[in-house]
Amino acid sequence: MTIEDFQNGQILLIDKPLNWSSFQAVNKLKYALINKVGLPKKFKIGHAGTLDPLATGLLLVCTGKFTKRITELQGQAKEYTGTFYIGATTPSYDLETEINENFPISHIDEALIHETVKQFLGEIDQKPPIYSAIKKDGVRLYEHARAGETVEIATRKTTIHEFEITRIALPEIDFRVVCSKGTYIRSLAYDFGKAMHSGSHLTALRRTKIGDYNVDNAVDVIVFESLLK
C-alpha cells in the first residue's frame, strides 16, 4: 500500500501479542509506517478498543481518515475466549496481581456451572475492576489501586449476548463470550465465581471478533512490519 492508501484510511487487523499494551502495538505500527512507508510523523492512527497487556487477539487499528470510524467500531459486539480459574481471587481479577483469597470448589459440578451461566445472559449490572483505566475524580482506577486507596466504583449496564462453556477441567473453565462494548471479562470471571459461592479469576483471554472482523484474518505486529516496503 502507498502513503496515500494509509492517509485515505485503512483498518488494519492486528493480532496483539501477550504482554504488549494496545498503545505499544499502535506505536510500533506508527513508527514502522513512518520509517518504511514514509508517512509523516503527525499522521493519524489509533485503535478501536483496548486490550489489556495480558490479553491477546484482535486489535483494529485505523489510519488516516478512517480514525473517524473508531467510535463506530468500538460500539460493535466483541467475542472473547479464555479461561477462568475457579477457587481463588486476585485484586485485579486476573494474573496481574497475586492470589489474595482461596475458596472451596468441592460443591461445584457441571450442572452448577451451566446453571450459573444463565444468570449472566442478557443485560447485567457489572462493576469494573479496580485495576482498570476508568477515571474516578480525574485519576485512573489502577492508580488508586496501586496507591492502596479504596474508592467506590459504580456499576454499569452491559449485555452478554452469548456465554458458552467450552471446557471444564476444574479448577479451570474455558469459555466463549459475545458481549457489548464496555464489558469487562475480568469482572465476569470474578462475578461468575461469586455466583457459585466460590471465587474465580481470569488466567487467559483472547479477543477473537469485533463485529464482522475476525482474528483469523489478523497478523502479528512484527509480521506486519516485516511486510512493509
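Described in the following lines is the structure provided in the data block. From a predicted model like this one, the values you see are computed outputs, not experimental measurements.

Turning our attention to the pattern of salt bridges. Following the criterion strictly, the structure yields 11 salt bridges and no others. Close ionic contact of Asp-15 with Arg-206 constitutes a salt bridge, the shortest N to O distance being 2.8 Å. Within this pair, whereas Asp-15 is found in strand β1 (residues 10-16), its partner Arg-206 is found in strand β12 (residues 200-210), the two being separated by 191 residues in sequence. Among the residues examined, Arg-206 registers a relative accessible area of 28% and is labelled partly exposed. Put simply, Arg-176 and Glu-162 hold a salt bridge, and the shortest N to O gap is 2.6 Å. You can see Arg-176 sitting in strand β11 (residues 172-179) and its partner Glu-162 sitting in strand β10 (residues 156-169), a full 14 residues away along the chain. Classification of Glu-162 as partly exposed rests on a relative accessible area of 37%.

Let's shift gears to a nonpolar patch on the surface. Nonpolar side chains collect at one region of the surface, where Leu-18, Leu-54 and Leu-95 lie side by side and expose about 260 Å² of accessible area between them. Given a relative accessible area of 32%, Leu-54 falls into the partly exposed group.

On to the pairing of β12, then. In the sheet, strand β3 (residues 56-63) pairs with β12 via two bridges, with the strands oriented parallel. Counted as the bridge partner of Thr-56 is Arg-206 from β12. Direction of pairing for strand β4 (residues 78-86) relative to β12: antiparallel, over a ladder of nine bridges. The partner of Ile-86 across the bridge, within β12, is Ser-200. Pairing geometry for β12 and strand β13 (residues 213-214), over two bridges, is antiparallel. Each bridged residue has a counterpart across the sheet, and for Ile-210 the counterpart in β13 is Tyr-213.

A word on helix α4 (residues 110-117). Each turn of an α-helix holds 3.6 residues, which means side chains three or four residues apart point in the same direction. Listed in full, the buried residues belonging to α4 are Ile-113, Thr-116 and Val-117. Around the axis of α4, the buried residues are gathered within 105° of arc, so they sit on the same side. Contacts from the buried residues of α4 go to β10, β11 and α6 (185-195).

With that out of the way, let us pick up the environment of Cys-179. Residue position: Cys-179 is located in strand β11. Overall, Cys-179 belongs to the buried group, its relative accessible area being 1%. Sequence separation between Cys-179 and Ile-210 is 31 residues; the distance between their C-alpha atoms is 9.9 Å. Sequence-distant contacts of Cys-179, defined by excluding residues within four places in its chain, comprise Ala-77, Lys-78, Tyr-80, Thr-159, Ile-160, His-161 and Ile-185.

Summarising the element assignment, Lys-78 is placed in strand β4. Of note is the side chain of Lys-78, whose polar atom sits 2.7 Å from the backbone oxygen of Gln-74. Separated by 3.2 Å, the side chain of Lys-78 and the backbone oxygen of Gln-76 make a polar contact. With residues near it in sequence (within four places) discarded, Lys-78 still touches Leu-73, Val-177, Val-178, Cys-179, Lys-181, Arg-207, Lys-209 and Ile-210.

About the criteria used
- Residues numbered from 1 in each chain as written.
- Predicted model: local features only at pLDDT ≥ 70, side-chain atom pairs only at ≥ 80, totals over all residues.
- Heavy atoms only, no water.
- Salt bridge = Lys/Arg side-chain N within 4 Å of Asp/Glu carboxyl O.
- Helix = DSSP H or I, 4+ residues; strand = E, 2+ residues; numbered from the N terminus.
- Buried < 20%, exposed > 50% of the residue type's maximum accessible area, 1.4 Å probe, protein only.
- Patch = residues over 30% accessible without salt bridge, like charges linked within 9 Å, V, L, I, M, F, W, Y side chains within 5 Å.
- Areas by Shrake-Rupley, 256 points an atom, 1.4 Å probe, with all protein chains shown as cover.
- Pairing = 2+ DSSP bridges.
- Arc of directions from axis to C-beta.
- Contact = heavy atoms within 4.5 Å.
- Polar contact = N/O pair within 3.5 Å; in protein donor to acceptor, adjacent residues only side chain to side chain.

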